[in-house]
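# What the coordinates show
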Amino acid sequence: MVSVSLGANKYGKAENRVVRIYRDTPRHEIVDLNVTSQLRGAALRDSYLTGDNALVVATDTQKNTAFAFAKQHGIASPEQYLLALSAHFVDSFDWIEGGLWQAEQYEWDRITVDGLPHDHAFVRRGQGTRLAAVQVVDGATHVTGGVKDLTVLKSTGSEFSGFPRDRYTTLVETDDRIMATSVTGRWRFLPESVAAGIDYNALYAEVSAVLLSTFATVHSLALQQTLFAMGTAVIEARPEIAEVRFAMPNKHHFLSDLSPFGLDNPGEVFYAADRPYGLIEGTVTRDGVDAAPGTWLDLPAFV
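These numbers were taken from a predicted model, which means no experiment stands behind them.

## Points about the overall build of the protein
- If you tally the helices and strands in the protein, you get six helices and twelve strands.
- Along the first, second and third principal axes, the C-alpha atoms of the protein reach 75 × 70 × 40 Å.
- By residue count, 43% of the 303 residues in the protein fall in the buried class.
- Summarising the internal contacts of the protein: among those between residues at least 6 apart in sequence, 67% fall at separations of at least 24.

## Regarding the packing of helix H5 (residues 200-217) against helix H6 (residues 223-237)
- At a minimum axis distance of 9 Å, the contact between H5 and H6 shows a crossing angle of 145°. H5 and H6 meet at a crossing whose hand is right-handed. Here Glu-206, Val-207, Val-210, Leu-211, Thr-214 and Phe-215 of H5 come into contact with H6, specifically with Thr-226, Ala-229, Met-230, Ala-233, Val-234 and Ala-237.
- Of the residues belonging to the contact of H5 with H6, the class tally is nine nonpolar, two polar and one charged.

## Brief notes about the environment of Arg-275
- With respect to the helices and strands, Arg-275 occurs in the loop between strand S11 (270-272) and strand S12 (279-285).
- Put simply, Arg-275 and His-252 are 23 residues apart on the chain and 8.3 Å apart in space, counted from C-alpha to C-alpha.

## Examining the pairing of strand S1 (residues 11-22)
- Where S1 and strand S2 (residues 29-40) come together, ten bridges link them in antiparallel fashion. Paired with Arg-17 across the strands is Asn-34, a residue of S2.
- What sits between the antiparallel neighbours S1 and S2 is a turn of six residues.

## Remarks on H5
- The terminal C-alpha atoms of H5 lie 26 Å apart, and with 18 residues this matches the ideal 26 Å at 1.5 Å per residue to within 8%.
- The complete set of buried residues in H5 reads Tyr-200, Leu-203, Tyr-204, Val-207, Ser-208, Val-210, Leu-211, Thr-214 and Phe-215. All buried residues of H5 project into a common sector of 160° when viewed along the axis, lining one side. Relative to its buried face, H5 has exposed residues pointing more than 90 degrees away, namely Ala-216 and Thr-217.

## Remarks on the nonpolar core
- Tyr-81, Leu-82, Trp-187, Leu-211 and Ile-241 are the most contacted members of the largest nonpolar core, which has 51 residues in total.
- Among the elements that line this core, the one with the most residues is H5, at seven residues.
- Discounting chain neighbours no more than four positions away, the residues touching Leu-82 are Val-35, Trp-101, Gln-102, Ala-103, Ala-132, Ala-133 and Val-134.

## Comments concerning the pairing of strand S3 (residues 98-106)
- The buried fraction of S3 is high, at nine of nine residues.
- In S3, alternate side chains face the same way, and those of Gly-98, Leu-100, Gln-102, Glu-104 and Tyr-106 on one face and Gly-99, Trp-101, Ala-103 and Gln-105 on the other are all buried.
- Here S2 runs beside S3; their pairing, made up of nine bridges, is antiparallel. Following the sheet pairing, Asn-34 is matched in S3 by Glu-104.
- Direction of pairing for S3 relative to strand S6 (residues 129-137): antiparallel, over a ladder of seven bridges. Across the sheet, Leu-100 pairs through a bridge with Gln-135, a residue of S6.

## Details of the packing of aromatic side chains
- In total, this model carries seven aromatic pairs according to the counting rule given.
- Judged by centre distance (6.4 Å) and plane angle (15°), the rings of Phe-89 and Trp-101 are stacked. Linking Phe-89 in helix H3 (residues 78-92) with Trp-101 in strand S3, this pair joins segments that are twelve residues apart in sequence.
- Joined through ring pairs, the aromatic side chains of Phe-89, Phe-93, Trp-95 and Trp-101 make up one cluster.
- Over the ring of Tyr-22 we find Arg-20, and its NZ or CZ is 4.1 Å from the ring centre.
- Sitting over the ring of Trp-108, Arg-124 keeps its end group 5.8 Å from the ring centre.

## Describing the pattern of salt bridges
- Using the criterion set out here, one finds 15 salt bridges in the structure.
- Between Glu-79 and Arg-130 there is a salt bridge whose closest N-O contact spans 2.9 Å. In this pair, Glu-79 sits in helix H3 while Arg-130 sits in strand S6, placing the two residues 51 residues apart along the sequence.
- By relative accessible area, Arg-130 is classed as buried at 3%.
- The shortest N-O distance in the salt bridge between Arg-125 and Glu-107 comes to 3.4 Å.

## Thoughts on the packing of helix H2 (residues 59-72) against H3
- At a closest axis distance of 11 Å, the pairing of H2 and H3 adopts a crossing angle of 130°. Here H2 is positioned oblique relative to H3, judged by the angle of their axes. The handedness of the crossing between H2 and H3 is right-handed. Every residue of H3 that contacts H2 at Gln-62, Thr-65, Ala-66, Phe-67, Phe-69 and Ala-70 is listed here: Tyr-81, Ala-84, Leu-85, His-88 and Phe-89.
- A breakdown of the residues in the contact of H2 with H3 according to their chemical character gives eight nonpolar, three polar and no charged.

Conventions we followed
Residues numbered from 1 in each chain as written. Predicted model: local features only at pLDDT ≥ 70, side-chain atom pairs only at ≥ 80, totals over all residues. Heavy atoms only, no water. Helix = DSSP H or I, 4+ residues; strand = E, 2+ residues; numbered from the N terminus. Buried < 20%, exposed > 50% of the residue type's maximum accessible area, 1.4 Å probe, protein only. Contact = heavy atoms within 4.5 Å. Axes fitted to C-alpha atoms, helices over the stretch in contact; angles between N-to-C directions. Left-handed = near helix turned anticlockwise from the far one by under 90°. Nonpolar A, V, L, I, M, F, W, Y, C, P; charged D, E, K, R; others polar. Pairing = 2+ DSSP bridges. Expected span 1.5 Å × (residues − 1). Arc of directions from axis to C-beta. Core = buried A, V, L, I, M, F, W, Y, C linked by side-chain atoms within 4.5 Å. Phe/Tyr/Trp six-rings, centres within 6.5 Å; stacked < 30°, edge-to-face > 60°. Lys NZ or Arg CZ within 6 Å of the ring centre and 35° of its normal. Salt bridge = Lys/Arg side-chain N within 4 Å of Asp/Glu carboxyl O. Parallel < 35°, antiparallel > 145°, perpendicular 65-115°, else oblique.

What follows is the structure in structure tokens.
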């Protein structure tokens, strides 16, 4: 007889597309989120073991709550909205011990008509996707912000050399290369800063600008070095942030050999290779802050 037991688990409704239009004035505002709600609790084990649903807060209920809260509480920022959702589920159902609430924010710019931004017509912005997550685990609430798909490229100011070589090494050292990556980054907020109140929208705008300016201006000897410089700059800029975690794949660009066609190619024409790719990950932490491993439980790319 094989013996098994139930391990870690959570359940909920994924990817609720919540779009909130503010119509208080003729100039409308839009907030566009992709929201996932998942609940945890030891009492839920019977739903897995025996199919007893007596304590299962239906995933449809979680979906409806996400939409109702967008109306009742508004969405001042994705972080504040997720905090409201997390508090509701943990406080309303005694057996719900915690959970993970996540949001992606899709941002929109006003369409310009005759030189003026239109009051109620928008075009999707194409520069990265904002991330937010609230994690409630072991009685503690952890808040993270972030960004994904922030694709950046510099056509010079990057090199890669000095690495060990063996019989399988074919990569040529270079002191001038294209460096490109698609940044996924998440930053953890200090609990005391969350309690005091954070302007999450202003912080996201500043952190995004810091990430981009650091990538642009640091002369890179390796993507690892650039990652550390970006995380350091973010922590230096915002005292509310305890740590930053990155996943940064190399988007390789290789010089195209045009010699068969009698053409020189002095670093002008490249082919972009989508795979395989280097995958660089790392964490930059403010010295002296407490670790909070529960923050990262089950978060995509940072498990």
